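Okay, here's what each chain looks like letter by letter:
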Amino acid sequence: MKTSFKAMLLALLLCSGLKSSAQVAKLIAQLHNPADKNVMVASHRGDWRNAPENSLKAYELAIAMGVDIIEVDLAKTSDGVVVIMHDQTIDRTTNGKGKPSDYTLAELKNFHLKNGLGRLTKHTIPTLEEVMLLAKGKVLVNLDKSYECYEEAYQILKTTGTLDHAIFKTDKTYADLQQTYPALLKEITFMGVVNISKPGARKIISDYQQAIKPVAFELNFSTDTVAMLNDQAFFLKGGSKVWLNSLWASLNAGHEDDLAFDEGNTKDSWDWLIAHGATILQTDRPAMMLEYLRKKQLHK
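Position numbers for residues count from 1 along each chain, tracking the sequence in the order it is written. Restriction of local features to residues with pLDDT of at least 70 applies here, the model being predicted, together with a cutoff of 80 or more for giving and counting side-chain atom pairs; totals for whole chains, interfaces and linings are based on all residues. To obtain the side-chain values, all non-hydrogen atoms of the structure were used and water was disregarded.

Enquirer: Please clarify how the overall build of the protein should be interpreted in this entry.
Expert: Under the scheme used here, helices are H or I runs from DSSP no shorter than 4 residues and strands are E runs no shorter than 2 residues, and both carry numbers assigned from the N terminus. Counting its secondary structure elements, the protein contains twelve helices and nine strands. On C-alpha atoms alone, the protein measures out to a radius of gyration of 20 Å, which is about the 19 Å that the 2.2 N^0.38 rule sets for 300 residues. On the principal axes, the C-alpha backbone points of the protein span a range of 60 × 55 × 45 Å. A burial count over the protein gives 51% of its 300 residues as buried. Here, residues are in contact when the closest pair of their heavy atoms is within 4.5 Å. The contacts of the protein with a sequence gap of at least 6 include a subset with a gap of at least 24, amounting to 64%. On the protein, roughly 14300 Å² of surface is accessible, and the fraction owed to carbon and sulfur atoms is 54%. The charge count treats Lys and Arg as positive and Asp and Glu as negative. His and the chain ends do not count. Charge positions are represented by NZ for Lys, CZ for Arg, CG for Asp and CD for Glu. Charge separation in the protein, taken as the distance between the mean sites of 35 positive and 35 negative side-chain charges, equals 6 Å. Here the globule rule reads 2.2 Å times residues to the power 0.38, and the radius of gyration is calculated from C-alpha atoms. Type-normalised accessible area, obtained with a 1.4 Å probe on protein chains alone, sets the label of each residue: buried when under 20%, exposed when over 50%, and partly exposed for intermediate values. Where accessible areas are quoted, they stem from the Shrake-Rupley method and a 1.4 Å probe; at the residue level, only the protein chains shown are allowed to cover.

What follows is the structure, given as C-alpha cells:
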C-alpha cells in the first residue's frame, strides 16, 4: 500500500517535533545540572550584528547557529501585550518615538526596527508570544527586564507550552521577590542577579539558596579580585550554576568579548571567565564563542 503524501507529511512533522522536544529537553537538563562542566551560550539580544536587535530574525539566526539561550527584554503596550524592547523608549531602535506603553500593539506594529547601521528594515517589534513560539522545542529563553511583567509572561508561557523553556530573573532580594510574587515562585525557573562587588552579596545569595535554590546566579563584578569568584564550591553546594556576562567590561572587570574578538586574547577573556566558574556565558559574539567552546570540547 502506498503511503499518502498527507501521511508522509504528518510523519515528518511528528519526527521534527520529537527532535525539537529532545533538543530542548537536553538543554533543560543541562541548565538544572550545576555539576555539568560544559558551557551554555546565551546570545544577547539574538544575533544582533546580522539582524535588528531583539527581532525575530535575530533570534532565528542565533538559534540556527546553535546557541543554548536567547535573551529577551520585556515591555508592555497600552493594551497590555508583552513585547520585546530593551530601551524605555522605541526611539533608538525604530522609526517611532515614545514608550511602548504609549501605543497599542497594532499601533506599535506600524513601526520598523533599525539595523546596527541605523537603517530601517522590514522587521517589526515582536511580541513575547511570537518569540516563545519561535523558540519552542529549540532553545531556552532568558527573560531580562521582566520583573514588572512576571504575571503576564507566566500566562504567555503557559499558553504556548514553554514555561520550562524560560528563565525568570531579577536583582531584587528574595524577601522582595517573595512579597511581590509569592504564588509564582514554585512555578517558575528562577535566576538571581547579584553584583558581587557590593557588600552583602553573599547573604543575598545564601537567602535565595535556602529558600528556593535558584537554577543559577548571574554574577556581575567591577573588580576581578572579589573573593567569591574563587569560591565555586559555594554555588555548587547550593545547587546553582554560575552565569557570567562577557559582553561588557563593566559587568566583568574587563574580561570581555572584545578581548577575544579584537585581539584574539581568549586567555584574559573567555578562558578567565570559565576558570572562575562560568558554566553559562552571555555574549555579543555567539558564533565565535561557539566555535571556541567546541574546539575546547566545552559545548555539547
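Picking up where we left off.
Enquirer: Would you take a moment to explain the pattern of salt bridges for this structure?
Expert: Charged atoms that come close allow side chains of opposite charge to pair. Salt bridges are defined by distance alone: a side-chain nitrogen of Lys or Arg within 4 Å of a carboxyl oxygen of Asp or Glu. By the definition in use, this model includes 14 salt bridges. Connected through salt bridges with shared partners, the residues R45, E53, D87 and R92 form a single ionic network.

Enquirer: Please clarify how the packing of aromatic side chains should be interpreted in this entry.
Expert: Ring pairs (aromatic) are described by centroid distance and by the angle formed between their planes. Each Phe, Tyr or Trp ring, with Trp reduced to its six-membered ring, pairs with another whose centre is within 6.5 Å; inter-plane angles below 30 degrees give stacked pairs, above 60 give edge-to-face pairs, and intermediate values give tilted ones. This model, assessed by the stated rule, comprises twelve aromatic pairs. Here Y174 and Y208 contribute two aromatic rings whose centre-to-centre distance is 5.8 Å and whose plane-to-plane angle is 75 degrees, an arrangement assigned as edge-to-face. In this pair, Y174 is assigned in helix α6 (residues 174-180) and Y208 in helix α7 (residues 201-211), connecting sequence segments 34 residues apart. With a relative accessible area of 23%, Y174 lands in the partly exposed category. Taking the relative accessible area as the measure of exposure, Y208 reaches 0% and is therefore buried. Among the aromatic residues, those joined into a cluster by ring pairs are Y174, F190, Y208, F217, F234 and F235. Placement of a charge over a ring requires the Lys NZ or Arg CZ to be within 6 Å of the ring centre, with the centre-to-atom vector within 35 degrees of the ring normal. Over the ring of F261 we find R285, and its NZ or CZ is 3.4 Å from the ring centre.

Enquirer: Sorry, what's going on with the pairing of strand β6 (residues 190-195) here?
Expert: Within a regular beta strand, the side chains point alternately toward one face of the sheet and then the other, so they alternate between its two faces. For β6, a buried count of five out of six residues is recorded, marking the element as mostly surrounded by other parts of the structure. For two strands to count as paired, DSSP must find a minimum of two bridges between them. Direction of pairing for strand β5 (residues 166-170) relative to β6: parallel, over a ladder of three bridges. Bridging across to β6, T170 finds its partner in G192. Assessed by its sense of winding, the connection that carries the chain from β5 through α6 to β6 is right-handed. Of the pairings in the sheet, the one linking β6 to strand β7 (residues 216-220) comprises five bridges and is parallel in character. Counted as the bridge partner of V194 is L219 from β7. Call a crossover right-handed when, viewed with both strands pointing away from you, the route from the first strand across the helix to the second goes clockwise. In terms of handedness, the path from β6 via α7 over to β7 forms a crossover that is right-handed.

Enquirer: Honestly, the packing of helix α4 (residues 128-135) against helix α5 (residues 150-160) in this entry has me stumped. Any pointers?
Expert: A pair of packed helices is characterised by two quantities: the angle between their axes and the separation of those axes. Convention adopted: a line fitted to C-alpha atoms gives each axis, helices being fitted over their contacting stretch, and angles between N-to-C directions are expressed from 0 to 180 degrees. At a minimum axis separation of 10 Å, α4 and α5 run at an interaxial angle of 40 degrees. Between α4 and α5, the angle is such that the two are oblique. For the pair α4 and α5, the crossing hand works out as right-handed. Contact residues: α4 offers L128, E129, M132 and L133, while α5 offers A153, I156, L157 and T160. Lys, Arg, Asp and Glu make up the charged group, whereas Ala, Val, Leu, Ile, Met, Phe, Trp, Tyr, Cys and Pro make up the nonpolar group; the residues left over, Gly among them, are polar. Here the residues of the contact of α4 with α5 are counted per class, giving six nonpolar, one polar and one charged. By the definition adopted for this analysis, an angle is roughly parallel if under 35 degrees, roughly antiparallel if over 145, roughly perpendicular if from 65 to 115, and oblique otherwise. A clockwise turn of the near helix away from the far one marks a right-handed crossing, whereas an anticlockwise turn of less than a right angle marks a left-handed crossing.

Enquirer: How should the environment of V139 be read in this particular structure?
Expert: In this structure, V139 sits in the loop between α4 and β4 (140-144). Note: C-alpha distance between V139 and I28 (111 residues apart in sequence) is 9.0 Å. Not counting residues up to four positions away in its chain, the partners in contact with V139 are V24, L27, I63, V67, D68, I69, I70 and H165.

Enquirer: What am I meant to see in the environment of H44 here?
Expert: Relative to the assigned elements, H44 resides in the loop between β1 (40-43) and α2 (56-65). With 27 residues separating them along the chain, H44 and E71 place their C-alpha atoms 5.2 Å apart. Setting aside residues no more than four positions away along its own chain, H44 makes contact with E71, L247, W248, Q282, T283 and D284. Identification of polar contacts relies on pairs of N or O atoms within 3.5 Å, with a donor-acceptor requirement for protein atoms, meaning one able to donate a hydrogen and the other able to accept it, and with residues adjacent in sequence counted only if both atoms are side-chain atoms. Within the local environment of H44, its side chain forms a polar contact with the side chain of D284, the two groups lying 2.8 Å apart.

Enquirer: Looking at this structure, I do not really get unusual backbone geometry. What am I missing?
Expert: Backbone geometry follows two general trends: most residues other than glycine have a negative phi, and most peptide bonds adopt the trans configuration. Of note in this structure, R45 is not a glycine but carries a positive phi near 60 degrees. In this structure, R45 sits in the loop between β1 and α2. In the Ramachandran plot, A253 falls in the positive-phi region, its phi being about 55 degrees despite a non-glycine side chain. With respect to the helices and strands, A253 occurs in the loop between α9 (249-252) and α10 (257-263).

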